[in-house]
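One letter stands for each residue in the lines below.
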Amino acid sequence: MTDGLRVRPGQVRLLGAVELAGPGGPVPLATGARRLLAVLGLRGGEIVGWAQLSAAGIDPVALDRDSAALAGGLARGGLRGALQTRAAGMRLAGRYVDVLRYHDELRRARSRRTAGDLPGAVTLYDRALARWRSDTPLDGIALTGWAAAEAKRLRESRTRAREERWDCVLRTAAAAVRASGAPVADRAAVRAGIDATKAAEVAASELEAGVVRHPLRERRWELLLTATLLSRGRAAARSVYERALQTFADQLGVEPGERLRALAAAAERGDIAELPAPARPQPRMPRRVAAPPVPLTSLLGRDALLDDIDVRLAGHRLVTLVGPGGAGKTRLAIAAAGRPWASASVAAATDEAGALLGEQASAGGPVAWFVDLTVVDRPGKVPAAVAETLGLRQDPGLDPVDAIAEEIGAHEVLLVLDNCEHLVAGCGELARQLLARCPGLRILATSRAPLRADDEAIVPVPPLPLPTAVAGHTLADLATHAATRLFLERAQARGRPVPEGSADAVAQLCVELDGLPLAIELAAARTPLLSVPEIVARIRTDQRLLHSPDPTTPPRHRTVAAAVESSLEQLPRTCRCSSTGWRSSRAASTPARPMPCGPVPAPTPPRSTSLSTPRWWRKTPAGTGCSCPSAGTRWPACTLTRPPPVPRTPPTTCAWPRRPTPTCAATPRRLGWPACAPTRQTCAPR
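Predicted, not measured: the structure shown is a model, and the values here were computed from it.

Peer 1: Even after reading the chapter, I still don't get the sheet that holds strand β8 (residues 367-372), so can you show me in this structure?
Peer 2: Read across the sheet, five strands follow the order β8-β9-β10-β7-β11 without closing on themselves; strand pairing throughout is parallel. Each edge of the open sheet is held by one strand with a lone partner, namely β8 and β11 (456-460). The average angle at which neighbouring strand axes cross in this sheet is 20°, direction not considered. Taken together, the five bridges between strand β7 (residues 318-322) and strand β10 (residues 441-447) define a ladder with parallel strand orientation. Among the inter-strand pairings, valine 319 is bridged to a residue of β10, identified as leucine 444. Here helix α11 (residues 303-315) sits on the sheet and contacts β7, β9 (413-418), β10 and β11; the angle it forms with β11, its principal contact strand, is near 175°.

Structure follows, in structure tokens:
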């Protein structure tokens, strides 16, 4: 293929010699800057970490010099600002890289080919292959590690793309030849048959050179035999088959595959009704990779919930565990993945799938995969992150969803997607595509919000059950409640069992913590240093006490503050605080009415349990409300819900003369959320 595309200003060209094309032609770059351009271009649009740069052959000592030279070259080429340096690594804007354009056109060509639009697919294949300026990508650049593997995959991608293009051309030609030989064929059909014969002859000449470069690619011999039959007849096709026999015997000592032999027999009869499709790999068991982590502690108080999850998985293919941060969704999903969740109804869906699943059951049972999506920052990266976790090879121009679906096939697989709340759109779209293509797939997701997908079963994850009273308990009584039993077992594991006299304090502590498993475990971690009554007194004034002493704990579970903040990050930045949870900016924009002196009306219950804050988190150090700067006056906790109507005749009120900006104790100061300040705040002084 020749380079049939005009070089546009501002292009990073890697499909051949590495060069930066500017308005006036190629921009000269030093060797180090060209190598850095090649490495960043292979991952265009993504941040390449410092360790990845080093593994690809970039010299860390000269990195500053090379990046400065590359930034200057990009500016001269009209791509100022295309190179970005972040704390995690470096990023090159992907819309300027020809490799990404090639991948996009190749993906579209394969979609057209799958849909049956062969002429349209040939046009897109030609556009994609025209971007190659030589047979070797990144020519002249020495790369190592993953970058060298990416360059090798690019070469293989070009080889496959050429074969797929020839396949489309020959299928179109074969159809035209058959139509021209019909008993009743008009002049247009005969002319199309003649043109198809000429196209097959051109393809045969190209394939002759192709088998010289890759003599052991059986697919090319099949295409060459077909093109030769269409353009030159049966005798020439027989000669091609004899050459293939001799080549495989000399170099491998074996005969060609069954498909090539069957194609040669059909050509000998002059009966080539349809070009055989490429060989598909035999179905195999999914690899047992990305297994769910093995928990180190027992799961308490969730037996009924686990049974509910089993029922939902038997009746639905997408189940989402929804609950607040620290409720134990991940731990619950891991426990559910280890139970016998496979459904016999799936195996009987179709005869073929049923036979395959029967073979799978005899080979070791279903497979569970666990994918943690915490570090994924954009919904569009969800498929690639799942494929990378599963260790699937991502060929250029192929959608990661295709690789995942091919790996699953018709086998029974449970895919656990953990922490989906910041990727709801991406996870929902991935679930929709995979469930439509894989009949034996089940997806179990954990999120603080539903995925809003079709046929999604939502299982709320509530806090642990609490004692009905906070006084008159014994340790034996506390062992019958999941929340208090969790605290007792975790405290005993820390080496300091709870004494009998602290039973009421344990009950009070668990009630204060709303039965949240994460908060209970973090409080139990303090028992070696503090008694239970001391812990109860401390958390009322300082929530920083609930901090994990284990440095290996994930950041979102290291403190209760991190769990609450990560929940609040799911809300828009325009939201405001309230003493019972969080309200939208629409409620915040509603003018506040003066409130009469006296007791503050009871606030409205929170709308969402998954985003509401625990009661102990919403308290002030003194447990009374906001402290506003007004001559020692104590103000009750402010709320943005409109209070009940008041009489037209205003009673004695105390109103702010101007818009105040107090710091509301309902919100942690370190969250950085806007202060809770309505237009006019009127409260009763104490």
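Peer 1: Would you mind going over the environment of leucine 225 with me for this structure?
Peer 2: With respect to the element layout, leucine 225 can be found in helix α8 (residues 218-232). On the basis of relative accessibility, which here comes to 0%, the residue leucine 225 falls in the buried class. Placed 13 residues apart in sequence, leucine 225 and arginine 238 show a C-alpha to C-alpha distance of 8.0 Å. Sequence-distant contacts of leucine 225, that is, excluding residues within four places in its chain, are made with Ala237, Val240, Tyr241, Leu260, Leu263, Ala264 and Ala267.

Peer 1: Where do I start with the pattern of salt bridges in this structure?
Peer 2: A side chain of one charge can pair with a side chain of the opposite charge if their charged atoms are brought near each other. As enumerated under the stated definition, the model contains 28 salt bridges in all. As a salt-bridge pair, arginine 13 and glutamate 19 come within 3.3 Å of each other at their nearest N and O atoms. The partner of arginine 165 in a salt bridge is aspartate 126, and the shortest N-O contact between them spans 2.4 Å. Taken as a pair, arginine 165 in helix α6 (residues 145-180) and aspartate 126 in helix α5 (residues 118-129) lie far apart in primary sequence, 39 residues in all. Because the salt bridges share partners, they merge into one network encompassing Arg113, Asp167, Arg171, Arg219, Glu222 and Arg259.

Peer 1: What's the story with the nonpolar core in this structure? I'm lost.
Peer 2: Soluble globular proteins tend to pack their nonpolar side chains together in the buried interior. In this structure, Leu444, Phe487 and Leu509 are the most contacted members of the largest nonpolar core, which totals 54 residues. Here leucine 509 is in contact with Phe487, Ala523, Val532, Ile535, Val536 and Ile539, once residues within four sequence places are set aside. Counting 49 residues, the second largest nonpolar core, distinct from the first, contains Leu36, Leu53, Leu70 and Ala161.

Peer 1: How do you make sense of the sheet that holds strand β5 (residues 83-85) when you look at a structure like this?
Peer 2: Sheet strands pair by backbone hydrogen bonding; their relative direction is either parallel or antiparallel. Read from one edge to the other, the open sheet built from three strands follows the order β4-β6-β5, with strand pairing classed as antiparallel. Each edge of the sheet is formed by a strand with only one pairing partner; in this case those strands are β4 (47-49) and β5. The sheet shows a mean angle of 25° between the axes of neighbouring strands, direction not considered. Across three bridges, β4 lies against strand β6 (residues 89-92) in antiparallel orientation. Within the sheet, the bridge partner assigned to glycine 49 lies in β6 and is glycine 89. Strands β4, β5 and β6 of the sheet are contacted by helix α1 (residues 31-42), whose axis makes an angle of about 80° with β6.

Peer 1: I would appreciate a short explanation of the pairing of strand β2 (residues 19-22) in the present structure.
Peer 2: Strand direction decides the pairing type here: strand β1 (residues 11-13) and β2, joined by three bridges, are antiparallel. Its bridge partner lying in β2, valine 12 is registered against leucine 20. Taken together, β1 and the strand that follows it, β2, pair antiparallel across an intervening segment of five residues, in which glycine 16 is found at a positive phi of about 140°. Remark: two residues form the turn of the hairpin made by β2 and strand β3 (residues 25-27), two consecutive strands paired antiparallel.

The rules behind each value
- Residues numbered from 1 in each chain as written.
- Predicted model: local features only at pLDDT ≥ 70, side-chain atom pairs only at ≥ 80, totals over all residues.
- Heavy atoms only, no water.
- Pairing = 2+ DSSP bridges.
- Helix = DSSP H or I, 4+ residues; strand = E, 2+ residues; numbered from the N terminus.
- Axes fitted to C-alpha atoms, helices over the stretch in contact; angles between N-to-C directions.
- Contact = heavy atoms within 4.5 Å.
- Buried < 20%, exposed > 50% of the residue type's maximum accessible area, 1.4 Å probe, protein only.
- Salt bridge = Lys/Arg side-chain N within 4 Å of Asp/Glu carboxyl O.
- Core = buried A, V, L, I, M, F, W, Y, C linked by side-chain atoms within 4.5 Å.

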